[in-house]
Amino acid sequence: MSKSRSQLKLVEALGEHAIGREGRAAADDHGAVKLWLRLLSCSTQIEREIRSRLRKAFDTTLPRFDYLAQLERHPDGLRMNALSRYLMVTGGNVTGLTDQLIAEGLVERADDAQDRRASIIKLTPAGRRQFLRMARAHEAWLVELFGGFDADLREHLYESLGQLRVHLAAQGTHP
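Residues numbered from 1 in each chain as written. Predicted model: local features only at pLDDT ≥ 70, side-chain atom pairs only at ≥ 80, totals over all residues. Heavy atoms only, no water.

Quick word on the overall build of the protein
Okay, so step 1: Each helix and strand counted, the protein has 7 helices and 3 strands in total.
Okay, so step 2: Overall, the protein shows an N-to-C arrangement of helices and strands of α-α-α-β-α-α-β-β-α-α.
Okay, so step 3: By the burial criterion, 29% of the 175 residues in the protein qualify as buried.
Okay, so step 4: A separation threshold of at least 6 residues defines the contact pool for the protein, and within that pool the share at least 24 residues apart is 47%.
Okay, so step 5: Just so you have it, the protein exposes about 12200 Å², and 54% of that area is on carbon and sulfur atoms. (Helix = DSSP H or I, 4+ residues; strand = E, 2+ residues; numbered from the N terminus. Buried < 20%, exposed > 50% of the residue type's maximum accessible area, 1.4 Å probe, protein only. Contact = heavy atoms within 4.5 Å. Areas by Shrake-Rupley, 256 points an atom, 1.4 Å probe, with all protein chains shown as cover.)

In structure tokens form, the structure reads like this:
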């Protein structure tokens, strides 16, 4: 299993210990496998950095940030089942996190006027302020992480990944 020239450059740049999932690729692997591993490696590397920075700067987790982000995008609140779908997690995960965030005063549960059996979860004013502080930092971190990456290449990658999403959707894969 020999390594490609590109793979060797990555190992030199990142170090053998940091190559991650992409280190599984071999020169004779299908291009689709190598592309998948590279996408996954980039995503994992960025996510790991964001998780670390959220923990250090705000003593919070990425799931909590994502939860608050969904509520910030829906100022009238969301039902628990909708919040679960947006976050792509089980209802049990959302319930536990909701209880924690209510206890911290960041979200509130209100009766749903349309359905007495359901509740609506909304950000409190304190929750909105906290989320907006985190969101500004999150955006700045992403700008920093992508900052040294050529703007034309960044735009091309964005467009290409959009085309990939359309291609995958046409094949009937789930978002």
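After presenting the structure, the write-up continues.
Digging into the sheet that holds strand S3 (residues 115-123)
Okay, so step 1: The 3 strands lie next to each other as S1-S3-S2, forming an open sheet whose pairing is antiparallel. The sheet is open, and its two borders are formed by strand S1 (78-79) and strand S2 (107-112), each paired with just one other strand.
Okay, so step 2: On top of the sheet, helix H5 (residues 91-103) reaches S2 and S3; it is set at about 115 degrees to S2, its chief contact. (Pairing = 2+ DSSP bridges. Axes fitted to C-alpha atoms, helices over the stretch in contact; angles between N-to-C directions.)

Quick look at helix H3 (residues 62-73)
Okay, so step 1: Spanning 12 residues, H3 covers 16 Å between terminal C-alpha atoms, matching the ideal 16 Å at 1.5 Å per step.
Okay, so step 2: Along H3, the residues classified as buried are Leu-62, Arg-64, Phe-65, Tyr-67, Leu-68, Ala-69, Gln-70 and Leu-71. (Expected span 1.5 Å × (residues − 1).)

Some points on the pairing of S2
Okay, so step 1: Sheet topology note: the S2/S3 ladder contains 6 bridges and is antiparallel. For Asp-112, the partnering residue across the bridge sits in S3 and is Asp-115.

Details of the packing of aromatic side chains
Okay, so step 1: Within this structure, the stated rule accounts for 2 aromatic pairs.
Okay, so step 2: A centroid spacing of 6.3 Å and a plane angle of 55 degrees characterise the contact between Phe-58 and Trp-141, whose relative ring orientation is tilted. Of this pair, Phe-58 sits in helix H2 (residues 31-58) while Trp-141 sits in helix H6 (residues 125-147), placing them 83 residues apart in sequence.
Okay, so step 3: The class of Phe-58 is partly exposed, set by a relative accessible area of 22%.
Okay, so step 4: Trp-141 gets classed as buried once you look at its relative accessible area, which sits at 11%.
Okay, so step 5: For the pair Phe-65 and Phe-131, a centre-to-centre distance of 5.3 Å together with 35 degrees between the ring planes defines the contact as tilted. In this pair, Phe-65 is assigned in helix H3 and Phe-131 in helix H6, connecting sequence segments 66 residues apart.
Okay, so step 6: Look at Phe-65 and you get buried, because its relative accessible area is 6%.
Okay, so step 7: Phe-131 gets classed as buried once you look at its relative accessible area, which sits at 6%. (Phe/Tyr/Trp six-rings, centres within 6.5 Å; stacked < 30°, edge-to-face > 60°.)

Looking at the nonpolar core
Okay, so step 1: Residues Leu-54, Tyr-67, Leu-68, Leu-71, Leu-83, Leu-101 and Val-107 are the most contacted members of the largest nonpolar core, which totals 24 residues.
Okay, so step 2: Mapped by element, the contributors of at least two residues to this core are H2, H3, helix H4 (80-87), H5, S3 and H6.
Okay, so step 3: Take this core: its biggest share by element is 6 residues, from H3.
Okay, so step 4: Beyond its immediate stretch of four places on either side in the chain, Leu-71 contacts Leu-78, Leu-83, Val-107, Ile-121, Lys-122 and Leu-123. (Core = buried A, V, L, I, M, F, W, Y, C linked by side-chain atoms within 4.5 Å.)

What about the packing of H3 against H5?
Okay, so step 1: Where H3 meets H5, the closest approach of the two axes is 11 Å, and the angle between their N-to-C directions is 85 degrees. One element, H3, and the other, H5, form an angle in the roughly perpendicular class. Contacts from Pro-63, Arg-64, Tyr-67 and Leu-68 in H3 reach Val-94, Leu-97, Thr-98, Gln-100 and Leu-101 in H5.
Okay, so step 2: In terms of residue class, the contact of H3 with H5 is built from 6 nonpolar, 2 polar and 1 charged. (Parallel < 35°, antiparallel > 145°, perpendicular 65-115°, else oblique. Nonpolar A, V, L, I, M, F, W, Y, C, P; charged D, E, K, R; others polar.)

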